[in-house]
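Examination of the molecular architecture
Okay, here's what each chain looks like letter by letter:
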Amino acid sequence: MPAANSQPRRARSGPRRDEAARLAVLHAADDLLVEHGFGALTIEAIARRAGVAKQTIYRWWPSKVEILLDTLIEDSDKILPVPTEKPTAESIRDYLHGFARFLTRDPAGKVLLALIAEAQHDPDTAKSLHTRYLGPRRQQERDMLARGIDAGEISPTLGPDATIDALVGPIVYCALTGSSIPHGLVDTLVEDLLRPRSD
């Protein structure tokens, strides 16, 4: 007979996630994407690699795109946070160099490139990518530029959105086409687009 003050063990139900299983799914999706590409990535393969039931994954995520977005968001926040201190041209340059490394060397960067490519012909992927990742990160980057302008550290000649496009666009294009990203590219973009001009 159980002690009077013992508490019954509460059964798990609904969408509550076991953190170890959640991380196993995210890591499995990340690894399999790098190994086999987006087209060959399946929920079945993710479940096998993560050691969880396929039904468990479907209970937590509606599609492999949403799994990859969770991976991308978490890894970006850790590996490539948008600077929140008073930005300078130098700190923005460092952020862009980090972005170039992220796209070309980090598995999460491969996830971003795969989702960008998939978004070109899948409207649902495009919507999720913009809503969950690109939109929020662009707002952070826009705020970063606004703080730099207010502090007199940078004076871009273009508007905020056009400046962001001009800074990150060439980097993303190089990565998407498999080209190397010249170190001097970022430096040139920063000098041309952000540096205060004395004339």
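Quick notes on the rules
Residues numbered from 1 in each chain as written. Predicted model: local features only at pLDDT ≥ 70, side-chain atom pairs only at ≥ 80, totals over all residues. Heavy atoms only, no water. Helix = DSSP H or I, 4+ residues; strand = E, 2+ residues; numbered from the N terminus. Buried < 20%, exposed > 50% of the residue type's maximum accessible area, 1.4 Å probe, protein only. Contact = heavy atoms within 4.5 Å. Areas by Shrake-Rupley, 256 points an atom, 1.4 Å probe, with all protein chains shown as cover. Axes fitted to C-alpha atoms, helices over the stretch in contact; angles between N-to-C directions. Parallel < 35°, antiparallel > 145°, perpendicular 65-115°, else oblique. Left-handed = near helix turned anticlockwise from the far one by under 90°. Nonpolar A, V, L, I, M, F, W, Y, C, P; charged D, E, K, R; others polar. Phe/Tyr/Trp six-rings, centres within 6.5 Å; stacked < 30°, edge-to-face > 60°. Lys NZ or Arg CZ within 6 Å of the ring centre and 35° of its normal. Salt bridge = Lys/Arg side-chain N within 4 Å of Asp/Glu carboxyl O. Expected span 1.5 Å × (residues − 1). Bend = angle between axes of the 7 residues up to and from the residue.

1. What about the overall build of the protein chain?
Secondary structure summary: the protein chain contains 9 helices and 0 strands in total. Of all 199 residues assigned to the protein chain, the portion counted as buried reaches 43%. In the protein chain, 64% of the contacts between residues at least 6 apart in sequence involve partners at least 24 apart. On the protein chain, roughly 11200 Å² of surface is accessible, and the fraction owed to carbon and sulfur atoms is 53%.

2. Here we look at the packing of helix α1 (residues 19-36) against helix α2 (residues 43-50)
Two quantities define a packed helix pair, namely the angle between the helix axes and the distance between the axes. Packing of α1 against α2 brings their axes to within 8 Å, and their N-to-C directions diverge by 120 degrees. Considering their axes alone, α1 and α2 lie oblique with respect to each other. In terms of crossing hand, the pair formed by α1 and α2 is right-handed. Of the residues in α2, those in contact with A24, V25, A28, A29, D31, L32 and E35 of α1 are A45, I46, R49 and A50. Grouping the constituent residues of the contact of α1 with α2 by class yields 8 nonpolar, no polar and 3 charged.

3. Remarks on the packing of aromatic side chains
Applying the stated criterion to the full structure yields 1 aromatic pair. Considering the side-chain rings of W60 and W61, the 5.7 Å spacing of their centres and the 75 degrees angle between planes classify their relative orientation as edge-to-face. The same class applies to W60 as to W61, namely buried. A cation sits over an aromatic face here: K64 above F38, 4.1 Å from the ring centre.

4. Digging into α2
What α2 keeps buried is the set I43, A45, I46, A47 and A50. Contact partners of the buried residues in α2: α1, α3 (54-60) and α4 (64-79). One or two residues past the end of α2 sits G51, with phi positive at roughly 75 degrees.

5. Quick notes on the side chain of E66
With respect to the element layout, E66 can be found in helix α4. Classification of E66 by relative accessible area gives buried; the value is 13%. Discounting chain neighbours no more than four positions away, the residues touching E66 are W61, S128 and R132.

6. Some details on the pattern of salt bridges
Tallied over the full model, the rule gives 14 salt bridges. E191 serves as the salt-bridge partner of R93, at 3.8 Å between the closest nitrogen and oxygen. Placement of R93 in helix α5 (residues 89-105) and of E191 in helix α9 (residues 183-193) is noted, with a sequence separation of 98 residues between them. The exposure class of R93 is buried, given its relative accessible area of 14%. Through salt bridges with shared partners, a single network forms among E90, R93, D187 and E191.

7. Concerning helix α8 (residues 160-176)
Taking 1.5 Å of rise per residue, 17 residues should cover 24 Å, and α8 covers 23 Å from first to last C-alpha, within 8% of that figure. Most pronounced at V168, the bend in α8 amounts to some 35 degrees, and the proline P170 follows within four residues. Of the residues making up α8, those classed as buried are T163, I164, L167, V168, I171, V172, C174 and A175. On its buried face, α8 sits against α5, α6 (107-119), α7 (123-150) and α9. One or two residues past the end of α8 sits G178, with phi positive at roughly 75 degrees.

8. Re the environment of H130
Tracing the sequence through the fold places H130 in helix α7. The exposure class of H130 is partly exposed, given its relative accessible area of 47%. Considering only alpha carbons, one finds H130 and I116, 14 residues apart in sequence, at a separation of 9.7 Å. Non-local contacts of H130, meaning those with residues more than four positions away in its chain, are made with G135 and P136.

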